[in-house]
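Descriptive analysis of the structure
Now for the letters of each chain:
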Amino acid sequence: MIATRQLIVYVTPLLLLQLAVIVGPALLNIGFAFTQWRGFDRPVFNGIENFERLFADSVFWLALGHNIQWTLFFLTVPIFMALVGAFLVSRLRRGQMIFRILYFIPYIVAPTVNAEIWRYILNPLHGIGAQLERHLGWGWANVGFFTDRDLVLWSIANVDNWHWWGFLFVLYLTAMQSVSRDLYDAAKVDGATAWEQFRHVTVPGIRPTLFYTLMITLSGSFLIFDYVWILTEGGPARGSEVLGSYMYKQAIYGFEMGYSAAIALGMTAIAAAFSLVFVAARRWGAEV
Amino acid sequence: MPSSAEGFEKLCAAAKEKSINCFANTTAGKSSHGEWWIGWHLNAGAGPGALYRTIKGEKPWAEMRPHLERNANWIKQGWYSGKPDLYFGLSHDENWSMVASGKALMRVSGTWDLGRMRKFCNDKCDWVAAPPLGAGVGEHFELAIGESISISADSKNPDAAAAVLDHLFNDRARAAAIIEASCFSAWVVPLKWQAGDFTAAVDPRMVRFLTSFSDVTGQGRFGYTTWTFLPPKTRLYLFEALDDVLANKKTIDAYVNGIQPIFDRETSAIGALPPPKM
């Protein structure tokens, strides 16, 4: 049994670190959200002016809409792909490791590298579509994935998904391997189809992992910044503008630290609200 | 090289007929790069004097409309990228490749790109000061502050810090060696250069740039880059809203009319960097 004093000794350094890099800046951000501040002058308290402006800012609402679409995409597409992939691979007797490695590799590649790979693959001048157009005359194949404002958000989401779903796949596969084979055998004896086995044995068996991945996907995807910034900076013509990119531009290009702090606070509040709804739904018996 | 907007339009139309790009200029997903050619149209179209008065608040932004509209129209014509939809998608390296391979006639850029020019084109390319687009606009260079180096007021030994800066920047032989090695000349510009300061090893295009920059700007013939002399939100609006115009989300009227309220709000609240008088 570890003594209380020992616990304090072990926990305090991490707690101090957490206070310094998370809690401190978070509290400062809350304070700055109520100021007019350019980042290099003295912040001036301006009450709720930044939030009034936020509610009237059409770009904020546009970006929020993109964040919600992005989050819904990540709560469905990669999770579905990873669940189905893991279930199919879990039924293999041999060669599972090959799939684990292949699907996991994109996750350990840096986002900038992932983004550049896809930028080249989909490049309108040298990419696969451009080559098909040049050599086979298939003009329809050369789609402006990152240049068409109606496609760009989904194109970036797919690049991000390419690295994310493999991570989920490995988590689900590991969780599925802890589900007792006896349950599957019993289901088979009862005449359960593969879908029914998945629905009534696999999903309940991996529910804690499923919940965990839904939570990290929800919080991570709502706060999206890296892939959007690397590939388009929110363009073209705000086609991929998300709250993270908009906040960054306001702070760094616009020298509006106070306003961008308000955007950050709004973003955090919305993400927290989504997470709370999710936790509450689970507590009230929803099957997640 | 044409010396009027009409001359460029004639040249670009002729180039397009031969499937050659007029300019190799795209934003590669970074809409901020659009301000390079916005700045060219403002300075070379309206003239640095008119832009100076606009930045000072003595002239309305509405008077810049012909120049902003011309810039947007040229991009929409596909003169900056071959096809309008490539404007948002190609990188600087791809732009330089187009220039080097003869698929594009020229590129609008700054001195930071001289190294790339040498890398991609070897001796096949050269530079000219941004040509005039409007009547009565003469040769000039746009001024910019890309970075600044200062000595802290709290420095324990400011004289030693100054000596280090002198060592780095005021030794012509060392600066010339750096220019030759890196083909990057922007940060040594404050030195007043003469052709005799350089050895034969220094790229003659760099020598010509540094000597003519000293001469031309020394005579007060300079323009104003948007990223140095415009208030930040106005600057941000100029290139972000340009993308909206290109995507047909905003009319040119709405684009131009949107500048003044932002500019007025900013300059009344925080002021603007006072532009140097020509």
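A brief structural summary. If you're wondering where the values come from, they're calculated on a predicted model, not measured in any experiment.

Describing the nonpolar core
Core analysis: the largest hydrophobic core is formed by 48 residues, its most contacted members being B:Phe23 and B:Tyr255. Here this core takes eight residues from helix 11 (residues 232-246) of chain B, the largest share from any one element. If sequence neighbours within four positions are ignored, B:Tyr255 has contacts with B:Ile38, B:Leu68, B:Tyr237, B:Leu238, B:Ala241, B:Leu242, B:Val245 and B:Lys250. In this structure, A:Leu173, A:Leu210, A:Phe211 and A:Tyr227 belong to the second largest nonpolar core, which totals 46 residues.

Some words on the pattern of salt bridges
Residue and element names in this part refer to chain B. Considering all chains together, one arrives at 23 salt bridges over all chains under this definition. Note that Lys59 and Glu63 form a salt bridge whose closest N and O atoms lie 2.5 Å from each other. We classify Glu63 as partly exposed; its relative accessible area is 43%. Of the charged contacts in the structure, one is a salt bridge between Arg65 and Glu69, with a shortest N-O distance of 3.4 Å. Residue Arg65 and its partner Glu69 are both found in helix 4 (residues 65-76); the two are separated by four residues, about one turn of the helix.

Points about unusual backbone geometry
Residues and elements named next belong to chain A. With an omega dihedral of -10°, the bond running from Gly235 to Pro236 counts as a cis peptide bond. Residue position: Pro236 is located in the loop between helix 11 (226-231) and helix 12 (243-253). Despite not being glycine, Phe255 has its phi angle at roughly 50°, a positive value. The exposure class of Phe255 is partly exposed, given its relative accessible area of 33%.

Quick look at the interface of chain B and chain A
Between chain B and chain A, the residue contacts involve 23 residues of the former and 25 residues of the latter. Each partner contributes to the roughly 2000 Å² buried at the junction of chain B and chain A, and carbon and sulfur atoms together form 54% of this total. Where chain B meets chain A, there are four salt bridges. In this structure, the salt-bridge partner of B:Glu240 is A:Arg238, at a minimum N-O distance of 2.8 Å.

Some details on helix 8 (residues 172-182) of chain B
Residue and element names in this part refer to chain B. What helix 8 keeps buried is the set Ala175, Ala176 and Ile179. Along the long axis of helix 8, the arc covered by the buried residues comes to 100°, so they all point the same way. With respect to the buried face of helix 8, the exposed residues turned more than 90 degrees away are Ala173 and Ala181. On its buried face, helix 8 is in contact with helix 9 (204-218).

Scoring rules and cut-offs
Residues numbered from 1 in each chain as written. Chains lettered and ligands numbered in written order. Predicted model: local features only at pLDDT ≥ 70, side-chain atom pairs only at ≥ 80, totals over all residues. Heavy atoms only, no water. Core = buried A, V, L, I, M, F, W, Y, C linked by side-chain atoms within 4.5 Å. Buried < 20%, exposed > 50% of the residue type's maximum accessible area, 1.4 Å probe, protein only. Helix = DSSP H or I, 4+ residues; strand = E, 2+ residues; numbered from the N terminus. Contact = heavy atoms within 4.5 Å. Salt bridge = Lys/Arg side-chain N within 4 Å of Asp/Glu carboxyl O. Buried area = accessible area lost by both parts, 1.4 Å probe. Arc of directions from axis to C-beta.

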